[in-house]
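A look at the structure
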Amino acid sequence: MKTTELKITGAEAVIQSLKAEGVKTIFGYPGGAIMPIYDALFHHLEEVHHILTRHEQGAIHAAQGYARSSGNTGVVFATSGPGATNLITGLADALIDSTPLICITGQVASHLLGTDAFQETDVMGISMPVTKWNCQVTNAADIAPTLAKAFYIASSGRPGPVLVDITKDAQFEKLNFSYEKCTSVRSYQPKPKLNVDQIQEASRLLNEAQKPLIIVGQGIMLSNAEEKLLVFAEKMGIPVASTLLGLGAFPGHHPLFVGMVGMHGNYAPNVKTNECDVLLAIGMRFDDRVTGDVSRYAKQAKIIHIDIDFAEINKIIKADVAVLADAKEALAGLIDLVEKQSHHDWLNEFHQEKQKELQILSENRNKEFSDELRMDLVIDLLSQKTNGNAIIVTDVGQHQMLASQFYQYNQTKSNVTSGGLGTMGFALPAAIGAKMANPEKQVVAIIGDGGFQMTLQELGTIMQNNIGVKIIILNNGYLGMVRQWQQMFFEKRYSFTDIQSPDFVALAASYNIKSQRVERQEDLNHALDQLLNSEKAYLLEVKVAREDNVFPMVPTGASVAEIRLQ
């Protein structure tokens, strides 16, 4: 698609390019070097909605939440110098979690580059390791083609963040504007051609398997392969486990779903990983939190690895059959070749182990914290009240792992969390983005008292834009996950993990956000109803047991089969 030519400024070209790509929402924070772009945006506010966050890191996390929950590319504006450097954590987070973003930063005028001018930073050098692609534009005529290329790269293949740095003189310069969407880039092949021989060999192994196991990652959702996965799994009757970021790719209520793998995953899928005879991994990268000790990971199994990124194939775990392909195309090929089967006895083993896990964990928690509110109780009740259909945005820590265990994710793209980087402070701004992308859905941010205080200023963004995000702070007065490790592996030396917090209820009130605090189990049910029934933003602080720990747990360096329930 090519637009007609117009004589406009480079700044106006930025906005027209975004409109041509269908952008409706931008998150950002203005400053001197990006002021011309903001001035151009002023004339398009009926078509493009801009959300002023309170910090650039809040802007990029909001864009991540927007992208992850919608499947669209998130867009961020920031100025030069500190504005650009404040994006770096979000860029790193987006890169490792495969989130498509376009970050547009202003830059000092081109004749000042390299002079240490006011608010000049080498954002190209700084952002190169944490972007899929970055580019600096010094001529207005290059703005439209660069942005077209940026959108294509960010959203194709394995998605990721792209940063485009535009000098101030390029923003003022006039050009004859036309826009043509990018559909290819020389030497860049985002979608490998499906190899039929690989699919045939994979189907042969699956047809012969007696104890097959599927582990799915976020790649299922990135390729929109959820329906194909469901058809495939039901045809073969294979148990389906998920990575942290894969939660929601397969319905949590489905009888074939057996839980999450990994360090704080469920007992059954971790143990059975080392008992299955064929392991089919789709759109996941064998992260160290999933594998535990690699030398003892699924050694008895034939490994089939489907991934769109060549760099992930054989990087951690050697595959017997490596299928370099889009997950949706690969599954479509497998569906036609595999035989209809049932693995009832094998599946029943998972359900028996699940009951063992629930019984032991319940007994231990009731014994230690019988009269106290616990995080698992809050999340389990929330799951019941929302029927597993809300978009859950979590921060990083104990609450994150318990939310992955006890919330039943029945909808795709409903689990928004920081996986690979583990960024505290992610949840509140990401929930803002998720709600902007899904105004009709219930969006609940579950956050620890530590992570909340890293980006709590974004309550101002919620207030100013009247965003109906629901916030649950699980307050145990500790940096909980670090404290748990200190208890288990450092002889209870709680070195700087005791954290004091402000009055969160009073804080929310200062931002005109309804709120309440719950400290007793008997008050939780009504409090959650008030939170969920509120049409506007609502903050619920829940005082939970201080030294409750997250189990199951695979200790560092252990095999996944050595997962501990206590």
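The structure displayed is predicted, hence computed values, not measured ones.

Further remarks concern the nonpolar core. Grouped burial of nonpolar side chains is what soluble globular proteins tend to show. By size, the foremost hydrophobic cluster in this structure holds 89 residues, and its most contacted members are Leu-206, Ile-214, Phe-232, Leu-279 and Ile-282. Setting aside chain neighbours within four positions, we find Leu-206 in contact with Phe-232, Met-236, Ile-238, Val-278, Leu-280, Ile-304, Leu-334, Val-338 and Gln-341. Counting 38 residues, the second largest nonpolar core, distinct from the first, contains Val-14, Ile-26, Tyr-152 and Ile-166.

Turning to the packing of aromatic side chains, a few remarks are in order. Going through the model one piece at a time under the given rule, you end up with ten aromatic pairs. Measuring from ring centre to ring centre gives 4.9 Å for Trp-346 and Phe-350, while their planes differ by 85 degrees; the resulting arrangement is edge-to-face. Of the two residues, Trp-346 and Phe-350 are both situated in helix H15 (residues 344-368); the distance of four residues between them amounts to about one turn of the helix. Here the two residues Trp-346 and Phe-350 agree in accessibility, since each one is buried. Geometrically, the ring pair formed by Tyr-478 and Tyr-494 is edge-to-face, given 5.6 Å between the ring centres and 75 degrees between the ring planes. In this pair, Tyr-478 is assigned in the loop between strand S18 (470-475) and helix H21 (480-489) and Tyr-494 in the loop between H21 and helix H22 (504-510), connecting sequence segments 16 residues apart. Since its relative accessible area comes to 9%, Tyr-478 is described here as buried.

Here the focus is helix H3 (residues 56-70). For H3, which comprises 15 residues, the first-to-last C-alpha distance of 21 Å matches the rise-based estimate of 21 Å (1.5 Å per residue) to within 8%. With 14 of 15 residues buried, H3 lies mostly within the body of the structure.

In this section: the pattern of salt bridges. Overall, the coordinates contain 26 salt bridges when judged by the stated rule. Here Arg-520 makes a salt bridge to Glu-522, at a shortest N to O gap of 3.5 Å.

The six strands are arranged S11-S10-S9-S12-S13-S14 in an open sheet whose pairing can be described as parallel. The sheet is open, and its two edges are formed by strand S11 (257-260) and strand S14 (321-324), each paired on a single side. In this sheet, adjacent strand axes meet at a mean angle of 15 degrees when their direction is disregarded.

Turning our eyes to something else, we now look at the sheet that holds strand S15 (residues 391-394). Strand order in the open sheet formed by six strands is S16-S15-S17-S18-S20-S19, with parallel pairing between adjacent strands. One side of each edge strand has no neighbouring strand; the edge strands of this open sheet are strand S16 (415-416) and strand S19 (514-518). One ladder, built from six bridges, connects S18 with strand S20 (residues 538-543); its direction is parallel. Along S20, the bridge assignment pairs Ile-473 with Glu-541. On the sheet, helix H17 (residues 398-406) packs against S15, strand S17 (443-448) and S18 and is oriented at approximately 135 degrees with respect to S17. Sheet contacts for helix H18 (residues 427-437): S15, S16, S17 and S18; angle to S17, the most-contacted strand, approximately 175 degrees.

Contact pair H3 / helix H5 (residues 88-96): the axes reach a minimum separation of 8 Å and the direction vectors enclose 20 degrees. By the angle between their directions, the pair H3 and H5 is classed as roughly parallel. Two packed elements cross with a definite hand, and for H3 against H5 that hand is right-handed. Of the residues in H5, those touching H3 at Gln-57, Ile-60, His-61 and Gln-64 are Thr-89, Gly-90, Leu-91, Asp-93 and Ala-94.

The alternating pattern of S14 places Val-321 and Val-323 on a buried face and Ala-322 and Leu-324 on a face that is not buried. Where strand S13 (residues 302-307) lies against S14, four bridges are found, and the strand directions are parallel. Considered in S14, the bridge of Ile-304 is made with Val-321.

A separate point is unusual backbone geometry. Of note, the bond from Phe-551 into Pro-552 is cis; its omega dihedral lies within 30 degrees of zero at 5 degrees. You can see Pro-552 is positioned in the segment after S20. Despite not being glycine, Asn-314 has its phi angle at roughly 65 degrees, a positive value. With respect to the helices and strands, Asn-314 occurs in the loop between S13 and S14. For Asn-314, a relative accessible area of 37% gives the class partly exposed.

Basis of the calculations
Residues numbered from 1 in each chain as written. Predicted model: local features only at pLDDT ≥ 70, side-chain atom pairs only at ≥ 80, totals over all residues. Heavy atoms only, no water. Core = buried A, V, L, I, M, F, W, Y, C linked by side-chain atoms within 4.5 Å. Buried < 20%, exposed > 50% of the residue type's maximum accessible area, 1.4 Å probe, protein only. Contact = heavy atoms within 4.5 Å. Phe/Tyr/Trp six-rings, centres within 6.5 Å; stacked < 30°, edge-to-face > 60°. Helix = DSSP H or I, 4+ residues; strand = E, 2+ residues; numbered from the N terminus. Expected span 1.5 Å × (residues − 1). Salt bridge = Lys/Arg side-chain N within 4 Å of Asp/Glu carboxyl O. Pairing = 2+ DSSP bridges. Axes fitted to C-alpha atoms, helices over the stretch in contact; angles between N-to-C directions. Parallel < 35°, antiparallel > 145°, perpendicular 65-115°, else oblique. Left-handed = near helix turned anticlockwise from the far one by under 90°.

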